[in-house]
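Next come the chains, spelled out residue by residue.
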Amino acid sequence: TQTLRQFVRGNVTLGSLVITDGLVSYPGALDGYEHTAISVRGSGRWAHESLPGVHRVFSQAKRMIEGTYQGAGSAQHLQEYLDEYVFRFNHRTSKSRGLVFYRLLQRAVTAQPMTYRQLVRVPTPKLIHPTGVQRPRRQPGSLNTTPLTHPWRRPQAPTDGDLNG
């Protein structure tokens, strides 16, 4: 309840109407707020019908994380994933998306290089290191190659069956 209270106080204006599901932790955490609890189970409706905005945001956040990271995301980086979701959500109706990309490029060009350890929240070494390339890489071969013969690409002479339909 204390953690929930700290979150609410840090993110919701005092005196606001807060609509929640019927979780028993909410009443103690929402002192000073107008609180309406909607029991999803008791309403007889589906959860997405009782609290549509909440379910829309969570389903979109889950879809963004799964779609972007293809299951490779980790709980350790969840806050960064959610920060990215909030950025995308807040800019979804931007009339100047090109300007956002332009500003991103400006910052990327002018910023100093950063290491992985500077980027991550908990810079501890990984328990299992990716193997990567174990030997020196070879130079790529030439792109000048002789064309392959593909009999299926050569024009064929019409047969009797083709002429008669």
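Above this note sits the structure.
Here the structure is a predicted model, which means the values were calculated and not measured.

Caption draft 1: Representation of the overall build of the protein within the structure. Helix and strand counts for the protein stand at nine helices and two strands. Of all 165 residues assigned to the protein, the portion counted as buried reaches 10%. Counting contacts in the protein only where the partners sit at least 6 residues apart, residues at least 24 apart contribute 23% of the total. Split by element, the accessible area of the protein, about 14,700 Å² in all, is 58% carbon and sulfur.

Caption draft 2: Representation of the packing of aromatic side chains within the structure. Across all of its chains, the model carries two aromatic pairs by this definition. The positively charged end of R92 is found above the aromatic ring belonging to F89, 3.8 Å away from the centroid.

Caption draft 3: Focus on the packing of helix 5 (residues 52–69) against helix 6 (residues 78–90). At a minimum axis separation of 10 Å, helix 5 and helix 6 run at an interaxial angle of 110°. The angle between helix 5 and helix 6 places the two elements in the roughly perpendicular class. Crossing of helix 5 against helix 6: the hand is right-handed. Two secondary-structure elements touch here, helix 5 through V57, Q60, A61, M64, I65, T68 and Y69 and helix 6 through L78, Y81, L82, E84, Y85, R88 and F89. Tallied by class, the residues present in the contact of helix 5 with helix 6 amount to ten nonpolar, two polar and two charged.

Caption draft 4: Geometry of the side chain of H77. Mapped onto the elements of the fold, H77 is located in the loop between helix 5 and helix 6. Given a relative accessible area of 16%, H77 falls into the buried group. Residue contacts for H77: discarding those within four places in its chain leaves Y116 and V120.

Caption draft 5: Molecular detail of the environment of L30. In this fold, L30 is placed in the loop between helix 2 (26–29) and strand 2 (34–37). When sequence neighbours within four positions are dropped, the list of residues in contact with L30 reads V8, V18, T20 and H35.

Caption draft 6: Spatial organisation of helix 5. Here helix 5 is 18 residues long and its end C-alpha atoms lie 26 Å apart, about the 26 Å a rise of 1.5 Å per residue gives. By the burial criterion, the buried members of helix 5 are A61, M64 and I65. On an axial view of helix 5, the arc spanned by its buried residues comes to 95°, and they lie on one face. Away from its buried face, by an angle of more than 90 degrees, helix 5 presents the exposed residues K62 and R63. In this fold, the buried residues of helix 5 make contact with helix 6. Phi for Q70, located one or two positions after helix 5, is positive at around 50°.

Caption draft 7: Molecular detail of the layout of surface pockets. If you add up the space inside the largest pocket, you get close to 1,000 Å³. Lining the largest pocket are 28 residues, and of these F7, Y26, V54, V57 and F58 sit closest to its centre. Those elements that provide at least two residues to the lining of the largest pocket are helix 1 (2–11), strand 1 (17–20), helix 5 and helix 6. Considering every element that reaches the lining of the largest pocket, the biggest residue donor is helix 5, with eight residues. Counted by class, the lining of the largest pocket contains 20 nonpolar, six polar and two charged residues.

Caption draft 8: Up close: helix 7 (residues 97–110). With 14 residues, helix 7 ought to run about 20 Å at 1.5 Å a step, and its terminal C-alpha atoms sit 20 Å apart, in line with that. Helix 7 sits mainly on the outside: zero of its 14 residues count as buried.

Caption draft 9: Inspection of the pattern of salt bridges at higher detail. In the structure shown here, the tally under the stated rule is one salt bridge. Between E84 and R88 there is a salt bridge whose closest N-O contact spans 2.7 Å. Of this pair, E84 and R88 are both found in helix 6, four residues apart, which corresponds to roughly one turn of the helix.

Here is what the cut-offs are and how they apply
- Residues numbered from 1 in each chain as written.
- Predicted model: local features only at pLDDT ≥ 70, side-chain atom pairs only at ≥ 80, totals over all residues.
- Heavy atoms only, no water.
- Helix = DSSP H or I, 4+ residues; strand = E, 2+ residues; numbered from the N terminus.
- Buried < 20%, exposed > 50% of the residue type's maximum accessible area, 1.4 Å probe, protein only.
- Contact = heavy atoms within 4.5 Å.
- Areas by Shrake-Rupley, 256 points an atom, 1.4 Å probe, with all protein chains shown as cover.
- Phe/Tyr/Trp six-rings, centres within 6.5 Å; stacked < 30°, edge-to-face > 60°.
- Lys NZ or Arg CZ within 6 Å of the ring centre and 35° of its normal.
- Axes fitted to C-alpha atoms, helices over the stretch in contact; angles between N-to-C directions.
- Parallel < 35°, antiparallel > 145°, perpendicular 65-115°, else oblique.
- Left-handed = near helix turned anticlockwise from the far one by under 90°.
- Nonpolar A, V, L, I, M, F, W, Y, C, P; charged D, E, K, R; others polar.
- Expected span 1.5 Å × (residues − 1).
- Arc of directions from axis to C-beta.
- 1 Å grid on protein atoms, 1.4 Å probe; cavity = no way out; pocket = protein on both sides within 12 Å on 5 of 7 lines; lining within 4 Å.
- Points joined across faces, edges and corners; volume = space filled by probe spheres on them.
- Salt bridge = Lys/Arg side-chain N within 4 Å of Asp/Glu carboxyl O.

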